[in-house]
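# Summary of the model geometry
Now for the letters of each chain:
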Amino acid sequence: MECIEGLLSARANAAGSSAIRDLLHLLERPGMLSLAGGLPAAEGLAPGPFAAAFERALRRGGPYGPPALQYGPTEGIAELRALVALDAQRVDGRSDEDDVLVTTGSQQAIDLLARVLLDAGDTVVAERPAYLGSLQCFAAAGARVVTIPVDADGLRTDELERELRAGLRPKLCAVVPNFQNPSGATLSEERRVYLGALAEHYGFVVVEDDPYRALRFDGDELAPVRRHTELAVTLGSTSKILAPGLRVGWVIAPAALRAPMVRAKQAADLHTSTTTQYLALEMLSDHAAMEEHVARLRALYAQRCHALSCAVGQELATATFTPPRGGFFLWVRLAGIDTTDLLPAALDEGVAFVPGAAFTTATACRDYARLSFASLAADGLREAVHRLHLAIMKV
Ligand SMILES: Cc1ncc(COP(=O)(O)O)c(C=O)c1O
C-alpha cells in the first residue's frame, strides 16, 4: 500500500481528505438527526411519476433500439438540450440548444471547467464561504484559491474590484447566485451587472453555479450574470427539483469553452447516462406537472426554513442569521463558538451539521454552522436544534 501511495499523482494528493468529512461518517449512527447534508426532501421523490416517465422513455423507438438504452452524443441528447436552452433563453435572452452541454450532475461541469481553464498555480476566485464541491475541483487542479467575502447580497463585488485593481488576475470566479450553498445569500441585481462588467474589464470567466434557482420562496427571479456578459457560464441541475440520483445537470457556455469541455467529458465518461437523460426529459417536458411539483417543493422548503429559523431563534441564544429566500440552508453564526470543536459534542447528542470552516480555504467562518432544513420535517428540525443547544452547553 505504501508503494501505491508513492505513485499517486499530484492531482490526487491535492484533493486531500478532510477531518470534517471523516467525522460526518458518523451520520450513519441510529437515531442521528442530520442538518448536515444537502439532501432533497424524501417527500419530493415520489417513485410513481418516475416509473411512468421511465416507461414512456423506453417506448421511444429508434434505428438502434430505444435511444434511452443506447450510447448517445457527448453533448447530451438534443431534446433535453433544447428544453434547457428554452428555459435559459427566457432569463438570459441569449442561449440556444448548441450552447448546452449535458453533464453528469452540475458537479461534473465544475470539474470540466477546472480541467479546461486551470493549470497548476493559476488563480481562481471563490466566495467566502464557498460551495465545497467547487473548492475540491480547484484544489485538484492545483489552483491558487483567493476568497472574497459574501454578505446578505452575495459576493462583495467591491472587495473583488479592490483585489483586481491591486493586481489579482483570476482565470475564473465561481459564484452560486441564488440561495448560495452554504450562506443562503442571493447575489443582488446590481452586483450581477457589476460582476459581468468586472469579468469583461479584467478578462475572466464567471462560473454561475445555479442548482437552487427554482426553489425561491417568494419574490421575482433575477436575471443570471450570463444576461450581462458573454464571459459567464451558467450551470444547472435536475438534482434539487427532480432527483439527485439522476445525475443530470448541464452547463451553458460559449463555443470556445464548450468544445474543450466536450473533449474532456469524452475522456471522463463518453456521455451522461442516456437512460437518465431521457427520464429527465420525460419529467421536465410535462410542464403542467412540473409546475405543480416545483410549487409544492417551494412551499415545503419555505415551511421547513421557517420551522428551523424559529427553533434556532428560540433555542440558541447567541445565534444570528439572515433568513434565506430559497434553497436548502441556514447559515448560522454562533458568536464565540468554534463550530469545528462543537461538532463532536453535537454528534454525541445525536445531531450533525457542517462547521463553517469546511467552506473556505482561509481561516474564516469558524463560528458559523451550515444547517440544512431540506431533509427533516418540522418536528425533526426542532428536536435537532434542541440537541444542538445541549451540545453548545457542553463546549
Ligand atoms: C452549489 C452547488 N453546486 C453544485 C452542486 C452539485 O449538484 P449536482 O447534483 O447537480 O452535481 C451542489 C450540490 O449540492 C451545490 O450545492
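Preceding this section is the structure that the text describes.
Values in this document were obtained by computation on a predicted structure and should not be read as measured data. (Residues numbered from 1 in each chain as written. Predicted model: local features only at pLDDT ≥ 70, side-chain atom pairs only at ≥ 80, totals over all residues. Heavy atoms only, no water.)

What follows concerns the pattern of salt bridges. The final tally for this structure, using the stated rule, is 30 salt bridges. Ionic pairing is found between arginine 156 and glutamate 159, a salt bridge with its closest N-O pair at 3.4 Å. In this structure, a network of salt bridges that share partners links the residues Arg56, Arg60, Glu79 and Glu282. (Salt bridge = Lys/Arg side-chain N within 4 Å of Asp/Glu carboxyl O.)

Approximately 960 Å³ is the volume found for the second largest pocket. In terms of lining residues, the second largest pocket is bounded by 33 residues, among which Asp87, Arg90, Arg213, Ala214 and Ile241 are the most central. Within the residue set of the lining of the second largest pocket, elements represented by two or more residues are α5 (78-92), β8 (232-237), β9 (248-252) and α12 (287-315). The dominant element in the lining of the second largest pocket, judged by the number of residues it contributes, is α5, at eight residues. The residue inventory of the lining of the second largest pocket, partitioned by class, reads 16 nonpolar, five polar and 12 charged. (1 Å grid on protein atoms, 1.4 Å probe; cavity = no way out; pocket = protein on both sides within 12 Å on 5 of 7 lines; lining within 4 Å. Points joined across faces, edges and corners; volume = space filled by probe spheres on them. Helix = DSSP H or I, 4+ residues; strand = E, 2+ residues; numbered from the N terminus. Nonpolar A, V, L, I, M, F, W, Y, C, P; charged D, E, K, R; others polar.)

Looking now at the packing of aromatic side chains. Inspection of every chain in the model, using the stated rule, returns seven aromatic pairs. Ring plane angle 50° and centroid distance 4.9 Å describe the contact between tyrosine 301 and phenylalanine 328, whose orientation is recorded as tilted. Of this pair, tyrosine 301 sits in helix α12 while phenylalanine 328 sits in the loop between β10 (319-320) and β11 (329-334), and the two are 27 residues apart along the sequence. Both residues of the pair, tyrosine 301 and phenylalanine 328, count as buried. Note on tryptophan 331 and phenylalanine 359: the rings are 5.7 Å apart at their centroids and 80° apart in plane angle, and the pair reads as edge-to-face. On the criterion of sequence distance, the pair formed by tryptophan 331 in strand β11 and phenylalanine 359 in the loop between β13 (354-355) and β14 (368-372) is long-range, its members being 28 residues apart. (Phe/Tyr/Trp six-rings, centres within 6.5 Å; stacked < 30°, edge-to-face > 60°. Buried < 20%, exposed > 50% of the residue type's maximum accessible area, 1.4 Å probe, protein only.)

Together, Ile4, Leu7 and Leu8 make up a nonpolar patch on the protein surface, roughly 310 Å² of accessible area in all. In this structure, leucine 7 sits in helix α1 (residues 2-7). Under the relative-accessibility criterion, leucine 7 is labelled exposed at 65%. (Patch = residues over 30% accessible without salt bridge, like charges linked within 9 Å, V, L, I, M, F, W, Y side chains within 5 Å. Areas by Shrake-Rupley, 256 points an atom, 1.4 Å probe, with all protein chains shown as cover.)

Our next topic: the side chain of histidine 271. As for its placement among the helices and strands, histidine 271 is situated in the loop between α10 (255-269) and α11 (274-284). Note on histidine 271: relative accessible area 12%, which makes it buried. Among the polar contacts listed, one links the side chain of histidine 271 to the backbone nitrogen of glycine 72, at a separation of 3.0 Å. In this structure, histidine 271 is in contact with Gln70, Tyr71, Gly72, Pro73, Thr74 and Lys265, ignoring residues within four places of it in sequence. (Polar contact = N/O pair within 3.5 Å; in protein donor to acceptor, adjacent residues only side chain to side chain. Contact = heavy atoms within 4.5 Å.)

Moving on, we get to the nonpolar core. Grouped together as the largest cluster of nonpolar side chains are 76 residues, with contacts concentrated most on Val312 and Leu371. Ranked by size, the runner-up nonpolar core spans 29 residues in total, among them Ala141, Leu172, Ala174 and Val262. (Core = buried A, V, L, I, M, F, W, Y, C linked by side-chain atoms within 4.5 Å.)

Right, let's talk about the sheet that holds strand β5 (residues 154-155) for a bit. Picture the strands of a sheet paired through backbone hydrogen bonds; they go either parallel or antiparallel. If you trace the eight strands from one edge of the open sheet to the other, you get β2-β9-β8-β7-β6-β3-β4-β5, paired in mixed fashion. Strands with a single pairing partner mark the edges of an open sheet, and in this sheet they are β2 (100-104) and β5. Relative to β5, strand β4 (residues 144-151) is paired through two bridges, and the arrangement is antiparallel. Bridge pairing in β5 places aspartate 151 opposite glycine 154. (Pairing = 2+ DSSP bridges.)

Under the 1.5 Å per step criterion, the end-to-end length of helix α4 (residues 47-59) is 19 Å for 13 residues, consistent within 8% with the ideal 18 Å. Every buried residue of α4 is listed here: Phe50, Ala53 and Ala57. The buried residues of α4 occupy one face: seen down the axis, they fall within an arc of 65°. Those residues of α4 that are buried are in contact with α11. (Expected span 1.5 Å × (residues − 1). Arc of directions from axis to C-beta.)

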